Amino acid sequence: MSGFLGRETQYFYQLTPEVIDQSLLSIGIKPIGRTLALNSLENRVYSVEVQSCRELFNEYQESFEKTFAIDQVVVKFYRPGRWSADAIAEEHQSLRHLSSLEIPVVTPFVFQGESFFKEQSSNLYFAVFPKVIGRLKDEFNRQEVEQLARLVARVHQGLHYLSPYKHRGILNVQHFIDEYCDFLKNYEHAPKHLKESFVQLATNLKPLIHWQLQSLPEQRIHGDVHRGNVMWNHHGPFLMDFDDSLLGPIEQDLWLIIPGRDEEDQILNAHFLETYSQYAQKSVHLKRGLIESFRTLRMVRFVGWIAKRYEDPFFYKMFPQFLTDGFWESQVLGLKEQWSLLQEN
């Protein structure tokens with residue numbers, strides 16, 4: 001993935017407004033020359049002003065004008081080498097299915113039966129989404145926690161009826177620890193002794209995490225339900241960005257929205273789980289050991305993800321301390337703390 005993907009990767013790093021406009025024109029959308037890069041590292045995502053796209057909202061209810069912008073779209077260029085066409089198709093299938101159940105997710109527009117396309121000059125896959133009118137929230141009150149819990153329960157119920165993914169990842173220690181540690185072992189740019197300590201700690205944590213996960217049923221899940229992926233408007237919450245959707249236990253989608261360890265977050269998380277359980281009509285519990293297992297997988301993946309992407313200029317700018325002793329010392333310390341927590345739980 002990192003490095004040596006050829007000209008597609010170079011095009012991805014150097015996307016221009018002209019390429020973005022031509023991509024939209026190729027499927028019949030007319031941009032008017034204003035493009036804004038949105039906050040996305042894994043993919044390249046842009047808000048583009050267009051001539052009215054009212055006709056694209058046929059599948060939405062009449063209230064769409066209060067929910068989506070009619071003079072802007074969001075165009076997403078997928079990072080080359082990450083998802084195959086089959087994997088993108090599975091992501092979009094999940095979104096279309098949830099949308100058909102009137103669950104508030106953001107589904108790509110369909111043009112002549114297709115929901116994603118290949119830009120001809122760069123061979124990059126791209127898709128076009130409606131732009132949700134709303135805002136993100138840093139904190140949630142009890143009513144908002146209940147709304148979120150019901151939304152996530154509806155998403156899980158909807159995805160449960162779809163067959164397991166065949167072309168996307170699985171949330172397990174092989175995919176989240178082995179894959180990234182194997183890459184880090186051969187990564188020559190980080191401080192060698194600290195990198196080796198990090199890899200050894202992650203490897204030692206594997207059996208503890210596997211024990212926590214092994215008995216949990218798997219299905220299609222969102223995979224990355226955090227506050228930055230929830231947009232709020234007058235309808236309530238919209239769940240955004242299924243780019244990390246994968247096969248895994250539903251519990252992965254239940255801890256990260258309120259991830260803190262302090263008493264206040266634990267109270268809110270308990271209320272979230274209570275509401276989720278009532279709506280899903282099944283009792284769901286998150287033991288501390290399971291939460292810390294998910295947290296550890298996320299920590300290991302985070303470091304490996306940056307290493308795999310560090311040739312990307314965006315990553316270099318976002319994580320300028322990545323190759324320093326200080327960064328790696330903090331990551332090693334974090335895994336040592338996880339070791340203690342998982343031993344206790």
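Conventions adopted
- Residues numbered from 1 in each chain as written.
- Predicted model: local features only at pLDDT ≥ 70, side-chain atom pairs only at ≥ 80, totals over all residues.
- Heavy atoms only, no water.
- Helix = DSSP H or I, 4+ residues; strand = E, 2+ residues; numbered from the N terminus.
- Rg over C-alpha atoms; globule rule 2.2 N^0.38 Å.
- Buried < 20%, exposed > 50% of the residue type's maximum accessible area, 1.4 Å probe, protein only.
- Contact = heavy atoms within 4.5 Å.
- Areas by Shrake-Rupley, 256 points an atom, 1.4 Å probe, with all protein chains shown as cover.
- Lys, Arg positive; Asp, Glu negative; His and termini not counted.
- Charge placed at Lys NZ, Arg CZ, Asp CG, Glu CD.
- Arc of directions from axis to C-beta.
- Phe/Tyr/Trp six-rings, centres within 6.5 Å; stacked < 30°, edge-to-face > 60°.
- Lys NZ or Arg CZ within 6 Å of the ring centre and 35° of its normal.
- Salt bridge = Lys/Arg side-chain N within 4 Å of Asp/Glu carboxyl O.
- Expected span 1.5 Å × (residues − 1).
- Polar contact = N/O pair within 3.5 Å; in protein donor to acceptor, adjacent residues only side chain to side chain.
- Pairing = 2+ DSSP bridges.
- Axes fitted to C-alpha atoms, helices over the stretch in contact; angles between N-to-C directions.
- Left-handed = near helix turned anticlockwise from the far one by under 90°.
- Nonpolar A, V, L, I, M, F, W, Y, C, P; charged D, E, K, R; others polar.

Visitor: Looking at this structure, I do not really get the overall build of the protein chain. What am I missing?
Guide: Helix and strand counts for the protein chain come out as twelve helices and nine strands. What you see for the protein chain is a C-alpha radius of gyration of 21 Å, in line with the 20 Å of a compact globule of 345 residues. In terms of principal-axis extent, the alpha carbons of the protein chain reach across some 55 × 50 × 35 Å. Across the 345 residues that make up the protein chain, the buried fraction comes to 54%. Relative to all contacts within the protein chain whose residues are 6 or more apart in sequence, the contacts with residues 24 or more apart total 75%. Approximately 16800 Å² of the protein chain is accessible, and the part contributed by carbon and sulfur atoms is 50%. Considering the protein chain, the positive charge centre built from 36 side chains and the negative charge centre built from 44 side chains are found 1 Å apart.

Visitor: I tried to follow helix 2 (residues 17-26) on my own but got confused; where do I start?
Guide: Side chains of residues three or four places apart in an α-helix project in the same direction, reflecting 3.6 residues per turn. For helix 2, the set of buried residues is I20, D21, S23 and L24. Seen end-on, helix 2 carries its buried residues on one side only, within an arc spanning 155°. What points out from helix 2, more than 90 degrees from its buried face, is the exposed set E18, Q22 and S26.

Visitor: Explain the packing of aromatic side chains to me, please; I cannot follow it from the model alone.
Guide: When we look at a pair of aromatic rings, we describe it by the centre distance and by the angle of the planes. Tallying each qualifying case throughout the model produces 22 aromatic pairs. For the pair F315 and F319, a centre-to-centre distance of 6.0 Å together with 45° between the ring planes defines the contact as tilted. Summarising the burial analysis for this pair, F315 and F319 share the class buried. Judged by centre distance (5.5 Å) and plane angle (50°), the rings of F322 and W328 are tilted. Taken as a pair, F322 and W328 share a single burial class, namely buried. Here a set of aromatic residues connected by ring pairs shows up, and it is made of F183, Y187, F198, Y310, Y316, F322, F327 and W328. One residue, K137, lies across the ring of W232, its end atom 4.8 Å from the ring centre.

Visitor: Before we go on, may I ask you to explain the environment of F315 in this structure?
Guide: With respect to the helices and strands, F315 occurs in helix 11 (residues 313-318). Using a relative accessible area of 0% as the deciding quantity, one classes F315 as buried. Along the backbone, F315 and W305 are ten residues apart, and their C-alpha atoms lie at a distance of 10.0 Å. Not counting chain neighbours up to four residues away, the residues in contact with F315 comprise L41, E42, R79, W305, I306, R309 and Y310.

Visitor: What's the story with the pattern of salt bridges in this structure? I'm lost.
Guide: Two side chains bearing opposite charge may form a pair once their charged atoms approach each other closely. Scanning the entire structure with this criterion turns up 21 salt bridges. Between R309 and E42 there is a salt bridge, and its shortest N-O distance comes to 2.7 Å. A residue pair is termed long-range when its members are at least 10 positions apart, and R309 in helix 10 (residues 288-309) and E42 in the loop between strand 1 (31-37) and strand 2 (44-50) qualify at 267 residues. There is no split in this pair, since R309 and E42 are both buried. With a shortest N-O distance of 3.1 Å, D243 and K76 are connected by a salt bridge. Separated by 167 residues along the polypeptide, D243 in the loop between strand 8 (236-239) and strand 9 (246-248) and K76 in strand 3 (residues 68-77) bring together distant segments of the chain. Accessibility assignment for this pair places D243 and K76 in one class, buried. Among the charged side chains, a salt-bridge network with shared partners connects E42, R44, K76, R79, R82, E91, D243, D244, R301, R309 and D312.

Visitor: Help me understand helix 5 (residues 142-160), please; the structure alone is not making it clear to me.
Guide: With 19 residues, helix 5 should reach 27 Å at 1.5 Å per residue; the first-to-last C-alpha distance of 27 Å fits that figure. Turning to helix 5, its buried residues number three or more, namely E144, V145, L148, A149, L151, V152, A153, V155, H156, G158 and L159. On its buried side, helix 5 packs onto helix 4 (85-100), strand 6 (219-221), strand 7 (230-233), strand 8, helix 8 (252-255) and helix 9 (263-280). Capping of helix 5 at its N-terminal end is provided by N141; its side-chain oxygen lies 3.1 Å from the backbone amide nitrogen of Q143.

Visitor: Sorry if this is basic, but what is going on with the pairing of strand 1 here?
Guide: Along any regular strand, the residues point their side chains to alternate faces of the sheet. Sheet topology places strand 1 next to strand 2; four bridges connect them, and they run antiparallel. Paired with T35 across the bridge in strand 2 is V48.

Visitor: What should I look at first to understand the sheet that holds strand 4 (residues 117-118) in this one?
Guide: Whether parallel or antiparallel, the strands of a sheet pair through hydrogen bonds between backbone atoms. Read from one edge to the other, the open sheet built from five strands follows the order 1-2-3-5-4, with strand pairing classed as antiparallel. Each of the sheet's edge strands pairs with one partner strand only, and the pair in question is strand 1 and strand 4. Against the sheet, helix 4 contacts strand 3 and strand 5 (125-132), and its axis sits at roughly 20° relative to strand 5.

Visitor: Can you help me understand the packing of helix 7 (residues 192-213) against helix 10 in this one?
Guide: Two numbers describe a pair of packed helices, the interaxial angle and the distance between the axes. At a minimum axis distance of 10 Å, the contact between helix 7 and helix 10 shows a crossing angle of 145°. Crossing hand, helix 7 versus helix 10: left-handed. Within the contact between the two elements, helix 7 uses F198, A202, L205, L208, I209, Q212 and L213 and helix 10 uses G289, L290, S293, F294, T296, L297, M299, V300 and V303. The residue makeup of the contact of helix 7 with helix 10, split by class, is twelve nonpolar, four polar and no charged.

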